[in-house]
Amino acid sequence: MSTVPAARDKTMTPDEVAARLHSGMTIGIGGWGSRRKPMALVRALLRSPVTDLTVISYGGPDVGLLAAAGRISRLVTAFVTLDSIPLEPHYRAARQRGAFALTEIDEAMFMWGLHAAANRLPFLPVRAGLGSDVMRVNPELRTVTSPYEDGEEFVAVPALRMDAALVHMNRADRLGNGQYLGPDPYFDDLFCEAADAAYVSCERLVDTAELVGGPGAAPQTLLLQRHSVTGVVETPGGAHFTSCVPDHPRDEPFQKAYAAAAADPAAWAEFSARFLPPDGDEKGYQQAVRTWHEEQK
């Protein structure tokens, strides 16, 4: 691997990323449901004292873990799912007890809120949401009328601006360029561009040349540009237990164990102590998962 001048080298550790986050921030988390979530960064955030967060996410276990730990004050989302398990169990429990405020909007509205923020616009007009209960359950939403002859009414989707974004890529270089090799970008580029600071974990750090010349490295896979990235973290398996294809599928047995533990406070306490100890680190988590899989054989 070539040497990068220190002034341009953006490599960090998960805990160094967490140290840059503060209570009361608005944090965006990329990925989609239980797919390519920056879970190593979420676990580092859980080990920190940061709380009172506004979280913006196409939610999965990232939201679930932060909800279980009581770190969320407001959630902005279109859904919170584990994909093969339709509703994230910690999210369900948190909503049932009214643990945080919720802004729940249509998936397309969410996307255009990201676009508005990335383009530094206060809002973007969309048709999505009109005639639905989205407007009823979000009375703060406003409509706008086209200034042209059509005079059409649209929902004015507010920009989803963030203090920081966390995303996970298949590959990245030390400068902050990031590449996905799976089937979908999941809007991670918009998360980074909509945030004041963006932190990217990746399965593997590579030379910049490999991002554009390596296996499967079509130009459109170079999703993140260095100008929108603040820090880069190499974390093999850092999306676990969510998928990060083609590097690894979702760990379905472990996800089932996670969901089962979430249903019982005593079981969750045992699960957390084993896999998410407050004095742990990512290496310890990965080793605990390997040991667990050995026990299941």
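Preceding block: the structure.
Figured I'd write up the structure that's included with this text. Treat the numbers as computed from the prediction; the structure is a model and nothing was measured. (Residues numbered from 1 in each chain as written. Predicted model: local features only at pLDDT ≥ 70, side-chain atom pairs only at ≥ 80, totals over all residues. Heavy atoms only, no water.)

## Quick word on the overall build of the protein chain
Stated precisely, the cut-off is as follows: Where helices and strands are cited, they refer to DSSP runs of H or I of at least four residues and of E of at least two residues respectively, numbered from the N terminus. Based on C-alpha atoms, the radius of gyration is set beside the globule rule, defined as 2.2 Å times the residue count to the power 0.38. Whether a residue is buried, partly exposed or exposed follows from its accessible area with a 1.4 Å probe, protein chains only, as a fraction of its type maximum: under 20%, in between, or over 50%, in that order. Residue contacts are defined here by distance: any two heavy atoms, one from each residue, within 4.5 Å place the two residues in contact. Only the protein chains shown count as cover for residues, and all accessible areas are computed by the Shrake-Rupley method using a 1.4 Å probe. The convention is simple: Lys and Arg are positive, Asp and Glu are negative, and His and the chain ends are not counted. To locate a charge, take atom NZ for lysine, CZ for arginine, CG for aspartate or CD for glutamate.
Along the backbone of the protein chain there are eleven helices and twelve strands. For the protein chain, whose C-alpha radius of gyration is 19 Å, the value lies close to the compact-globule estimate of 19 Å for 297 residues. In terms of its C-alpha atoms, the protein chain occupies a principal-axis envelope of roughly 65 × 50 × 30 Å. Considering the protein chain as a whole, with its 297 residues, one finds that 52% of them fall into the buried category. Restricting to contacts in the protein chain with at least 6 residues of sequence separation, those with at least 24 account for 73%. Of the roughly 13200 Å² that the protein chain leaves accessible, carbon and sulfur atoms contribute 54%. Of the side chains in the protein chain, 28 bear a positive and 37 a negative charge, and the two mean positions are spaced by 3 Å.

## With respect to empty space enclosed by the protein
Condition: A 1.4 Å probe that fits but cannot get out identifies a cavity on a 1 Å grid over protein atoms alone, an open set with protein on both sides within 12 Å along at least five of seven lines counts as a pocket, and a residue lines either if it has an atom within 4 Å of a point. Grid points are joined across faces, edges and corners, and a volume is the space filled by probe spheres set on the points. In this classification, Asp, Glu, Lys and Arg are treated as charged, Ala, Val, Leu, Ile, Met, Phe, Trp, Tyr, Cys and Pro as nonpolar, and every other residue, Gly included, as polar.
Summed over all chains, the structure comprises one cavity of 30 Å³ or more. By volume, the largest cavity is sized at about 50 Å³. If you trace the largest cavity, you find it lined by Arg-43, Leu-65, Phe-241, Phe-254, Tyr-258, Phe-271, Leu-276 and Tyr-285. Of the residues in the lining of the largest cavity, the class split is seven nonpolar, no polar and one charged.

## Re the layout of surface pockets
Taken as a whole, the largest pocket holds about 300 Å³ of empty space. Only helix 2 (39–47), helix 3 (61–68), helix 10 (265–275) and helix 11 (282–296) provide two or more residues apiece to the lining of the largest pocket. Residue contributions to the lining of the largest pocket peak at five residues, all from helix 10. For the lining of the largest pocket, the class distribution of residues is eleven nonpolar, three polar and five charged. Put simply, the second largest pocket is a space of about 170 Å³. Lining the second largest pocket are Val-76, Thr-103, Ile-105, Met-109, Asn-138, Glu-140, Leu-141, Arg-142, Ala-156, Val-157, Pro-158 and Leu-160.

## Overview of helix 5 (residues 107–118)
Going by this rule: One less than the number of residues in a helix, times 1.5 Å, gives the span that helix is expected to have. Within 3.5 Å is the distance limit for a polar contact, defined as a pair of N or O atoms, with the added protein rule that one can donate a hydrogen and the other accept it, and that residues adjacent in sequence qualify only through two side-chain atoms.
The end-to-end C-alpha distance of helix 5 is 17 Å, a good match for the 16 Å that twelve residues give at a rise of 1.5 Å each. The backbone nitrogen of Ala-108 has a side-chain oxygen 2.7 Å away, supplied by the residue at the start of helix 5, namely Asp-106. Among the residues trailing helix 5, Arg-120 stands out with phi positive, at a value near 55°.

## Some details on the sheet that holds strand 7 (residues 153–158)
Threshold: DSSP-based pairing: two strands are paired if at least 2 bridges between them are found. Geometry is summarised by axes, namely lines fitted to C-alpha atoms with helices restricted to the contacting stretch, and by angles between N-to-C directions that run from 0 to 180 degrees.
Pairing in this open sheet of three strands is antiparallel, and the strands run 5-7-6 from one edge to the other. Edge positions in the open sheet fall to strand 5 (123–126) and strand 6 (142–145), since each of these has one partner strand only. Adjacent strand axes in the sheet meet at a mean angle of 40° when their direction is disregarded.

## Quick notes on the pattern of salt bridges
To be explicit about the condition: Criterion for a salt bridge: a side-chain nitrogen of Lys or Arg within 4 Å of a carboxyl oxygen of Asp or Glu.
In this structure the tally under the stated criterion is 15 salt bridges. Notably, a salt bridge pairs Arg-204 with Glu-210, separated by 3.1 Å at the nearest N-O pair. Residue Arg-204 is classed as partly exposed on the basis of its relative accessible area, which comes to 35%. By sharing partners, the salt bridges in this structure join Arg-35, Asp-83, Arg-250 and Glu-252 into a single network.

## Concerning the packing of helix 9 (residues 252–262) against helix 10
Selection rule: Each angle receives one of four descriptions, namely roughly parallel if under 35 degrees, roughly antiparallel if over 145, roughly perpendicular if within 65 to 115, and oblique otherwise.
Axis separation between helix 9 and helix 10 bottoms out at 7 Å; the angle between their running directions is 135°. Accordingly, the angle class assigned to the pair helix 9 and helix 10 is oblique. Between helix 9 and helix 10, the residues in contact are Phe-254, Ala-257, Tyr-258, Ala-261 and Ala-262 and Ala-267, Trp-268, Phe-271 and Phe-275, respectively. For the contact of helix 9 with helix 10, the class distribution of residues is nine nonpolar, no polar and no charged.

## Considerations on the environment of Tyr-258
Structurally, the position occupied by Tyr-258 is in helix 9. Contact partners of Tyr-258, with chain neighbours within four places excluded, come to Pro-61, Gly-64, Leu-65, Leu-82, Glu-88, His-90, Phe-241, Trp-268 and Phe-271. A distance of 2.4 Å separates polar atoms of two side chains, one belonging to Tyr-258 and the other to Glu-88.

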